[in-house]
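Topology and contacts: notes
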Amino acid sequence: MTKILVIAEHAADTVNPSTAKSISCAADIEDAEIHVAVFSDNGESVARQVAALGSVSRVLRIDNAANETLLAAVVAPQVVAIADGYTHIFGPSTTFGKDLMPRVAGLLGVNQVSDIMAVLGSHTFKRPIYAGNAVVTVEASAERTVVATVRTASYKAVSDGGNAEIDAISVEADLPTHTRFIELLAGSSDRPDLQTAAKVVSGGRALASSENFEIIYKLADALGAGVGASRAAVDAGYVPNEMQVGQTGKIIAPDLYIAIGISGAIQHLTGIKDAGTIVAINKDPDAPIFEVADIGLVGDLFSIVPEFQAAVGG
Amino acid sequence: MDKILVGLKRVVDYNVRVRVRSDGSGVNTDGVKMSINPFDEIALEEALRIKERGEAKEVIVVSIGTPDAQQQLRTGLAMGADRAILVESDTAVDPLTGARVFRALIEREDPGLVLLGKQAIDDDNNQTGQMLAAIWNRPQATFASKIEMTGDTARVTREVDVGLEVIEVDLPAVVTTDLRLNEPRYVKLPDIMKAKKKQLDQLSINDLGVEIATPIKSVGFEPPAERQKGVIVEDVAGLVSALKDRGLL
Ligand SMILES: Cc1cc2nc3c(=O)[nH]c(=O)nc-3n(C[C@H](O)[C@H](O)[C@H](O)COP(=O)(O)OP(=O)(O)OC[C@H]3O[C@@H](n4cnc5c(N)ncnc54)[C@H](O)[C@@H]3O)c2cc1C
Ligand SMILES: Nc1ncnc2c1ncn2[C@@H]1O[C@H](COP(=O)(O)O)[C@@H](O)[C@H]1O
């Protein structure tokens, strides 16, 4: 019998879309009974949101003051304390899941399946390696708990319409105090979230300054798009780190991705492989980005982008 | 703090575009350039800076792998590490076994800090540091973009999806590095000569009494799905109409 525990990601009172995507991956496993664990200091609202997701049969609500900020070292022993009876434990391949899940796997004494992009069977999965230059089919042992992270860009969120029961449970586990949350420095933005936006506009090194990046924001606003960047643009300080798209940034799958002044290094392309339509604007006709772009426009971004923005009515 | 342990994995250089063998049996790595995993180079650079600030006394680089990994360890010694340990293994080790090897070395060396990369760019697993912290029962600070040592604790800034998270960890601890932590130094020729005289110990996984974990088995390889070649439009009007055709505007 396949029983899967999905660890919910949430910020304060709102469930993160990565949770519904992880559930969607779990639901690809035949005859799986799916439970979702919500760790929080007060998980009432998040538990309700999760219970409304399709494919979920039970929500475990674990409230504890120590769960206010969800440190991996604090959450992992609680996951292990409720792991009994589950054949699989899934989390999203976001920084939250990447931090937590291997710690859970370590405590359980198993290797982890990182970044599931397809389910072939209850213990057989596909995952990317070498920055996405190869896809490997892996087989986890059927004798042990499968601990895995889900490559969220490979999955659509599971639909709503669920009505799972919610059980508030208390968990006996030794929680360490050796790791302490100090602060979160998060930029605030009214723009669509990069990881879930249907359209994303990204700028690269060619923007040459944070002032110039304004034209990217303006175009994005005209399109109702989220904004991303290459690593070079982040490293140069034009934009904050959370905007980085790619192997070591965010892996995204918008319907429309517009790369502006980005050369198309493999590490960047890894982050956009699943985009619906890729548009590239670059002055170098030989830039590698044109090899993957569905629509390419060769020219100077500083004249093209304002014209484009005007044309889409911004 | 006396010692910092740094992991240096030998991997295919990040500039190499690897290809899957036509029979799907694996990835072709014959004759390609091998390097230190970029995140590990950053880990070593950070360890050296901590030592240079007088906050640690010795930097020990560790690689688990075939004897070829001596090359990467020698490069690490040339960068400035004091000593190297090669834990020999004929086959690539899985992350849990790797974590157990580090755990066994911690028993011998008693470091105040273990610095690993956030992920090895060959298998892209992103597991070893977190697993080590789990089985060592110590703090982990993953995806570090800033590390400040403050005596018995470290304050680490972590790159997370929503921005930057600052946490404080008691030492000893495991920290895994992100790319923006620092810019690794270049190795100078005289240092390469000096590095030849530095100590490089060789051990086997057996010597350390480490139990090999059950691996996740790789049963087949394939190239990623190709994207269709697209169209080049002449101007903004062409771009707008191409997007309209696709229902995106
Ligand atoms: C381990 C590792 C991980 C990495 N992870 C990532 C990652 O997650 N994401 C990422 O993006 N990178 C990543 N990188 C870096 C990556 O290799 C590239 O260095 C980076 O993506 C380059 O950014 P860029 O395209 O903006 O800059 P460049 O490569 O410098 O490209 C700039 C482009 O702008 C064009 N251009 C210049 N001026 C104009 C103009 N006026 N109008 C139009 N076009 C113009 C140029 O023709 C050029 O193609 C990683 C690297 C390593 C080693
Ligand atoms: N064979 C190895 N030798 C040395 N360090 C390793 C090895 N495998 C993993 N590591 C360390 O663990 C980090 C994460 O690796 P991984 O979990 O495989 O992505 C790497 O960046 C290294 O610092």
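Bear in mind that the values here come from a model prediction, so they are computed numbers and not experimental data. (Residues numbered from 1 in each chain as written. Chains lettered and ligands numbered in written order. Predicted model: local features only at pLDDT ≥ 70, side-chain atom pairs only at ≥ 80, totals over all residues. Heavy atoms only, no water.)

1. Digging into the site of ligand 2
Residue and element names in this part refer to chain B. In the vicinity of ligand 2 there are 18 residues, among which Asp40, Ile64, Ala120, Asn126 and Thr128 approach most closely. Gly117 has a polar backbone atom sitting 3.0 Å from an oxygen atom of ligand 2. Within the side chain of Asp123, an N or O atom sits 3.3 Å from an oxygen atom of ligand 2. Elements supplying a minimum of two residues to the shell around ligand 2: β6 (58–65) and β8 (113–117). Counting residues per element, the shell around ligand 2 draws most heavily on β6, which supplies 3 residues. Here the residues of the shell around ligand 2 sort into 6 nonpolar, 9 polar and 3 charged. (Near = heavy atom within 4 Å. Polar contact = N/O pair within 3.5 Å; in protein donor to acceptor, adjacent residues only side chain to side chain. Helix = DSSP H or I, 4+ residues; strand = E, 2+ residues; numbered from the N terminus. Nonpolar A, V, L, I, M, F, W, Y, C, P; charged D, E, K, R; others polar.)

2. Some points on the pairing of β6(B)
Residues and elements named next belong to chain B. Counting buried residues in β6 gives 8 out of 8 residues, a clear majority hidden from the surface. The side-chain alternation of β6 yields two buried faces, one formed by Glu58, Ile60, Val62 and Ile64 and the other by Val59, Val61, Ser63 and Gly65. Two elements, β6 and strand β7 (residues 83–88), share 6 bridges in a ladder whose sense is parallel. Bridge pairing in β7 links Ile60 to Arg83. (Buried < 20%, exposed > 50% of the residue type's maximum accessible area, 1.4 Å probe, protein only. Pairing = 2+ DSSP bridges.)

3. Thoughts on the sheet that holds strand β14 (residues 217–222) of chain B
One open sheet holds the 4 strands; their spatial order is β8(A)-β9(A)-β10(A)-β14(B), and the pairing between them is antiparallel. The strands lining the two open edges of the sheet, one partner per strand, are β8 (118–121) of chain A together with β14 of chain B. The sheet shows a mean angle of 30 degrees between the axes of neighbouring strands, taken without regard to direction. Strand direction decides the pairing type here: β8(A) and strand β9 (residues 124–129) of chain A, joined by 3 bridges, are antiparallel. Within β9(A), the residue paired with A:Ala118 across the bridge is A:Lys126. (Axes fitted to C-alpha atoms, helices over the stretch in contact; angles between N-to-C directions.)

4. Some details on the domain arrangement of chain A
All names here are of chain A. As assigned here, chain A comprises domain 1 (3–168) and domain 2 (199–311). The straight-line distance from the C-alpha centre of domain 1 to that of domain 2 is 31 Å. Taken together, the contact pairs 6 residues of domain 1 with 8 residues of domain 2. Between domain 1 and domain 2, the buried area comes to about 610 Å², and carbon and sulfur atoms account for 43% of it. Taken as a group, Ala131, Arg151 and Ala153 account for 70% of the area that domain 1 buries against domain 2, more than any other trio of residues on that side. Viewed at the interface, domain 2 and domain 1 are joined by 1 salt bridge. Salt-bridge contacts for Arg151 lead to Asp274; the nearest nitrogen and oxygen are separated by 2.6 Å. (Domains from an automatic or database assignment. Contact = heavy atoms within 4.5 Å. Buried area = accessible area lost by both parts, 1.4 Å probe. Salt bridge = Lys/Arg side-chain N within 4 Å of Asp/Glu carboxyl O.)

5. Quick look at the site of ligand 1
Around ligand 1, a shell composed of 28 residues is seen, among which A:Arg205, A:Ser230, A:Val245, A:Thr248 and A:Ser263 lie nearest. Looking at the residues close to ligand 1, they fall on chains A and B. Between ligand 1 and the protein, one listed contact pairs an oxygen atom with a side-chain N or O atom of A:Arg205 at 2.5 Å. A:Gln267 is positioned such that a nitrogen or oxygen atom in its side chain is 2.8 Å from an oxygen atom of ligand 1. For ligand 1, the protein covers 85% of the area, taking 980 Å² as the surface of the free molecule. Those elements that place two or more of their residues in the shell around ligand 1 are α6 (231–235), α7 (266–269) and α9 (301–311) of chain A. Taken together, the residues of the shell around ligand 1 break down into 10 nonpolar, 13 polar and 5 charged. (Areas by Shrake-Rupley, 256 points an atom, 1.4 Å probe, with all protein chains shown as cover.)

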